[in-house]
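Residue-level structural notes
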Amino acid sequence: MKVYIIGAGPGDPELITLKGARLIETCPIVLYTGSLVPERVIARANPEAKVLDSAKMTLDEIMEVLKSAQEKGQDVARVHTGDPSIFGSTAEQMRRMDALGIPYEIVPGVSSFTAAAAALKKELTLPEVSQTVIITRAEGRTPMPEKEKLETLARSGATLVFFLSATLLKKVTEELIPFYGEDCPTAIVQKASWPEQKIITGTLSDIAQKAKEEKINATAIVFVGKVLDCEDFADSRLYSPDFSHKYRKRKKNSESLPFAETNGAKE
């Protein structure tokens, strides 16, 4: 018996991994977060499987399902949205399973923030513009650690990605403007990869109002950073003709250009 904590991806049923899909199809018990995982992802479950929605369950009730499955020797597909490692509420379940001796395995998935970046058709790390991505959330009912206050993170100037912050945009933008400026490009992707996906772009000065007008208050990823509208960035050295690395030699007589440094390449 094993519990498989499966990252179901951002919503598009084709963005789940082959392994995740196979486990949903074959496990006799499928326990999924119905508030976020689309039913079309769960539709691949075996007709004879016991399919349960954990949206209205408490942690104790979830654990009762897992303990019962252990007693019966039944595998469980524990299906979460996106990737289980990011704002997945999986650590508390794993802690309980460790204490109870319930074996489990994590099956990674496509995160909603990478699906949202794909929808925007943006690379979040541009040479000489931003080489750091900070994934965080605005402080609401869940307090932030003191050293992770938004003011502290903003001092980096890195590309910022916000989960669970759509209802706190006014507060977020007000705190970021002193560091990023009113004209800093900002984007929101709601329900990335879903049929009803919605994209809103703007700046720190107007994105909160635009989101309010579009009634975006949940299931949205917010991006802040220069990479969102930057075209004047250096090419990486990876494909530069004057640069050698493990898989390719420098081409002779090539002109030397000011290319940015790329990880994994050696001169």
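In this text the structure is predicted, and so the values were computed from the model without any measurement.

One pass over the full model with this rule turns up twelve salt bridges. For K19, the salt bridge goes to E105, with nearest N and O atoms at 2.5 Å. You can see K19 sitting in helix α1 (residues 18-26) and its partner E105 sitting in strand β5 (residues 104-107), a full 86 residues away along the chain. Owing to a relative accessible area of 21%, E105 belongs among the partly exposed residues under this scheme.

Quick look at helix α5 (residues 112-120) now. Every α-helical turn comprises 3.6 residues, leaving residues that sit three or four positions apart pointing alike. By the burial criterion, the buried members of α5 are S112, F113, A115, A116, A117 and L120. The inward-facing, buried residues of α5 abut β6 (133-137), β7 (159-163), β8 (185-190), β9 (198-203) and β10 (220-224).

The sheet built from five strands is open, its strands ordered β6-β7-β10-β8-β9 with mixed pairing. Strands with a single pairing partner mark the edges of an open sheet, and in this sheet they are β6 and β9. Sheet twist, expressed as the mean angle between neighbouring strand axes with direction ignored, is 20°. Two strands pair when backbone bridges link them, and β8 and β9 are joined in this way by six bridges, in the antiparallel orientation.

Right, let's get into the packing of aromatic side chains. Evaluation of the coordinates by the stated rule reveals two aromatic pairs. For the ring pair F87 and F163, a centre distance of 5.2 Å and an interplane angle of 40° mean the geometry is tilted. Placement of F87 in the loop between β4 (76-80) and α4 (91-100) and of F163 in strand β7 is noted, with a sequence separation of 76 residues between them. Since its relative accessible area comes to 39%, F87 is described here as partly exposed. The exposure class assigned to F163 is buried, which follows from its relative accessible area of 8%. Between F113 and F163, the ring centres sit 6.4 Å apart and the planes meet at 65°, which makes this aromatic pair edge-to-face.

This part covers the packing of helix α3 (residues 59-72) against α4. Contact geometry of α3 with α4 gives a least axis separation of 11 Å together with a crossing angle of 40°. Comparing their axes, α4 and α3 come out oblique. For the crossing formed where α3 meets α4, the hand is right-handed. Contacts between α3 and α4 pair L59, D60, I62, M63, L66, K67 and Q70 from the former with E92, Q93, R96, M97 and L100 from the latter. When the residues that make up the contact of α3 with α4 are grouped by side-chain class, the tally is six nonpolar, two polar and four charged.

Of all the residues in α4, the buried ones are Q93, M94 and M97. Along the axis of α4, the buried positions cluster into a sector of 95°, meaning they face one direction only. Exposed side of α4, more than 90 degrees from the buried face: A91, R95, D98 and A99 are the residues found there. Buried residues in α4 make contact with β1 (3-7), α3, β4 and β5. Backbone geometry just after α4 places G101 at a positive phi near 75°.

Further remarks concern the environment of S89. With respect to the secondary-structure elements, S89 resides in the loop between β4 and α4. In sequence terms S89 and L59 are 30 residues apart; their C-alpha atoms lie 10.0 Å from each other.

On the basis of which strands lie adjacent, the open sheet formed by five strands has the order β3-β2-β4-β1-β5 and parallel pairing. Each edge of the open sheet carries a strand with a single partner, namely β3 (50-53) and β5. Strand-to-strand, the axes of this sheet are offset by a mean angle of 20°, without reference to chain direction. Lying on the sheet, α3 is in contact with β1, β2 (29-32), β3 and β4; it crosses β2 at an angle near 165°.

This part covers a nonpolar patch on the surface. Taken together, F87, I135 and L164 make up a surface patch of nonpolar side chains, about 260 Å² in accessible area. Mapped onto the secondary structure, L164 falls in the loop between β7 and α7 (169-180).

Rules used in this analysis
- Within every chain, residues take consecutive numbers counted from 1 along the sequence as written.
- In keeping with the predicted nature of the model, local features appear solely for residues at pLDDT of at least 70, side-chain atom pairs appear and are counted solely at 80 or more, and the whole-chain, interface and lining totals rest on all residues.
- For the side-chain quantities, the full set of heavy atoms in the structure was used; hydrogens and water were omitted.
- We define a salt bridge as a side-chain nitrogen of Lys or Arg found within 4 Å of a carboxyl oxygen belonging to Asp or Glu.
- The helix count covers DSSP runs of H or I at least four residues long, the strand count covers runs of E at least two residues long, and both are numbered beginning at the N terminus.
- The buried label goes to any residue with under 20% of its type's maximum accessible area, the exposed label to any with over 50%, and the partly exposed label to all in between, with areas taken from a 1.4 Å probe on protein chains only.
- What makes two residues a contact is simply this: any of their non-hydrogen atoms within 4.5 Å.
- For two strands to count as paired, DSSP must find a minimum of two bridges between them.
- Axes here mean lines fitted to C-alpha atoms, for a helix over just the part in contact, with angles spanning 0 to 180 degrees between N-to-C directions.
- Any two of the Phe, Tyr and Trp rings considered here, Trp counted by its six-membered ring, make a pair once their centres fall within 6.5 Å; the pair's planes then place it as stacked at under 30 degrees, edge-to-face at over 60, or tilted in between.
- Working rule for angles: under 35 degrees goes down as roughly parallel, over 145 as roughly antiparallel, 65 to 115 as roughly perpendicular, anything else as oblique.
- By definition, turning the near helix anticlockwise from the far helix through less than a right angle yields a left-handed crossing, and turning it clockwise yields a right-handed one.
- Ten residues, namely Ala, Val, Leu, Ile, Met, Phe, Trp, Tyr, Cys and Pro, are considered nonpolar, four, namely Asp, Glu, Lys and Arg, are considered charged, and the remaining ones, Gly among them, are considered polar.
- It is the directions from the helix axis to the C-beta atoms whose arc is reported.
- Only residues whose relative accessible area exceeds 30% and that form no salt bridge enter a patch; like-charged residues are grouped when within 9 Å of one another, and nonpolar side chains (Val, Leu, Ile, Met, Phe, Trp, Tyr) when within 5 Å.
- To be clear on the numbers: accessible area is Shrake-Rupley with a 1.4 Å probe, and residue cover counts the displayed protein chains and nothing else.

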